[in-house]
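Observations on the three-dimensional arrangement
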Amino acid sequence: MLEIKTFVFNPFDENTYLAWDAETREAMVIDPGMYNAAERQEFDDFIHANGLTLTHLVNTHLHLDHTWGNDHITDTYNLKTEANSGDSMLGARRREQAQMFGMNPDALRPLNVEVDLRQDDVIKLGTLDFTVLHVPGHSPGSIALYCKEAGVVFSGDSLFERSIGRTDLPGGDYRQLINAIADQLLPLPGETVVYPGHGRSTTIADEAAFNPYL
Ligand SMILES: [Zn+2]
């Protein structure tokens, strides 16, 4: 059985998800955005208190608010960064991203995609499978992670409750995003719960019916 904990981290109110198999206690962090010592401690305390073993570090895309905690995770848990290599340029330019948003870039290292996640790749988490869906448009390498068995999809910044990701940042493309959502996300079962990169969770059926952008 899949369990999920949502942390809201950093000045961008980014959702950092921790997903784990309740039986094996193997866990995956999706978009670690912890920004300061208190947020790093909160995350580490939760891992220890719940007896979890972190086995995957996945980024839905490499915008700064979704990667701020990557260095902490790689250093503390000895994990490789798994993401789509279409965002490699964003990973290399984390300091420029920080300066663009008026944030201090000193603590940031360039980020390399060490495991390239591509369309239909499967991430194993205990007894659960997560399928990689390529949903470019918010960024070239944006992906979603779909767990059919649990009926959930982590959508990154592609699809939000009643909204979609912005496409005015470098590498963004509005048409591409609309098409990717239509091709990759809307065909999922309507009851699938969507866990987005910001804001509240929703369902595919609700977004198909009520999202003004789709
Ligand atoms: Zn983003």
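Refer to the preceding data block for the structure.
Description of the structure in this document. (Residues numbered from 1 in each chain as written. Predicted model: local features only at pLDDT ≥ 70, side-chain atom pairs only at ≥ 80, totals over all residues.)

A short note on the overall build of the protein chain
Note the threshold: Here a helix means four or more residues in a row that DSSP labels H or I, a strand means two or more in a row labelled E, and each is numbered from the N terminus.
Summing up its helical and strand segments, the protein chain has seven helices and 14 strands in all. Across its three principal directions, the C-alpha atoms of the protein chain cover 45 × 40 × 25 Å.

Brief notes about the pairing of strand E9 (residues 143-147)
Just so we agree on the cut-off: Residue burial here comes from a neighbour count, namely the number of other C-beta atoms, placed from the backbone, that lie within 10 Å of the residue's own C-beta, with 20 or more meaning buried, 12 or fewer meaning exposed, and in between meaning partly exposed. Two strands form a pair only when DSSP identifies at least two bridges running between them.
Burial within E9 is extensive, with five of its five residues counted as buried. The alternating pattern of E9 places Ile143, Leu145 and Cys147 and Ala144 and Tyr146 on opposite faces, both of which are buried. Bridge count for strand E8 (residues 128-134) against E9 is four bridges, and the pairing is antiparallel. Within E9, the residue paired with His134 across the bridge is Ile143. Here E9 folds back onto strand E10 (residues 152-156) in antiparallel fashion, the turn holding four residues, of which Gly151 has a positive phi close to 70 degrees.

Topic: the pairing of strand E13 (residues 193-196)
As judged from the four bridges shared by E10 and E13, these two strands associate in the parallel manner. Paired with Gly156 across the bridge in E13 is Pro196. Looking at chain direction, E13 and strand E14 (residues 202-203) are connected through two bridges and run antiparallel. Across the sheet, residue Val194 finds its bridge partner in E14, namely Thr202.

Concerning the nonpolar core
Using the following cut-off: As used here, a nonpolar core is made of buried Ala, Val, Leu, Ile, Met, Phe, Trp, Tyr and Cys residues. They are joined through C-beta atoms within 7 Å. For every residue pair, C-beta atoms are placed from the backbone, and the pair is scored as a contact if these atoms sit within 7 Å.
The biggest cluster of nonpolar side chains holds 45 residues, and the ones touching the most others in it are Ala144, Leu145 and Val153. A per-element tally of this core places E9 first, with five residues. Sequence-distant contacts of Ala144, that is, excluding residues within four places in its chain, are made with Thr60, Leu133, Val135, Val153, Phe154, Ser155, Gly156, Ser158, Gln184 and Leu185. Core analysis: the second largest hydrophobic core is formed by seven residues, Met34, Tyr35, Leu64 and Trp68 among them.

Observations concerning unusual backbone geometry
The phi angle at Asp13 is positive, at roughly 50 degrees, despite the residue not being glycine. Locating Asp13 in the fold gives a position in the loop between strand E1 (2-9) and strand E2 (14-21). For Asn78, which is not glycine, the phi dihedral falls at a positive 55 degrees. Inspection of the secondary structure puts Asn78 in the loop between helix H3 (70-77) and strand E5 (81-83).

Thoughts on the sheet that holds strand E6 (residues 115-116)
Quick reminder of the rule: Axis angles are defined between N-to-C directions and span 0 to 180 degrees, where every axis is a line fitted to C-alpha atoms and, for a helix, only to the segment in contact.
One open sheet holds the six strands; their spatial order is E1-E2-E3-E4-E5-E6, and the pairing between them is mixed. In this open sheet, the two edge strands, each paired with only one partner strand, are E1 and E6. Seen against the sheet, helix H1 (residues 37-49) touches E1, E2 and strand E4 (53-58) and runs at an angle of roughly 165 degrees to E1. Contacts from H3 reach strand E3 (26-30), E4 and E5 within the one sheet, and its direction differs from that of E4 by about 145 degrees.

Remarks on the sheet that holds strand E7 (residues 122-125)
With mixed pairing, the six strands of this open sheet are ordered in space as E7-E8-E9-E10-E13-E14. Looking at strand neighbours, the two that pair on one side only are E7 and E14, the edges of this open sheet.

Brief notes about helix H6 (residues 174-185)
Which entries qualify depends on this criterion: Every helix has an expected span of 1.5 Å times one less than the residues it contains. What the arc measures is the spread of directions leading from the helix axis to the C-beta atoms.
In this model, H6 (12 residues) spans 16 Å end to end at C-alpha, consistent with the 16 Å of a helix rising 1.5 Å per residue. Among the residues making up H6, those that are buried are Leu177, Ala180, Ile181, Gln184 and Leu185. Considered in projection along H6, the buried side chains sweep an arc of 100 degrees and stay on one side of the axis. Set apart from the buried face of H6 by more than 90 degrees, the exposed residues are Arg175, Ala182 and Asp183. Buried residues along H6 sit against E8, E9, E10, strand E11 (159-160), strand E12 (163-164) and helix H7 (204-210).

Concerning the environment of Leu133
Here Leu133 shows up in strand E8. The spacing of Leu133 and Phe154 is 21 residues in sequence and 9.9 Å in space, taken between C-alpha atoms. When residues no more than four places from it in sequence are discounted, the contact partners of Leu133 are Gln119, Ile143, Ala144, Tyr146 and Gln184.

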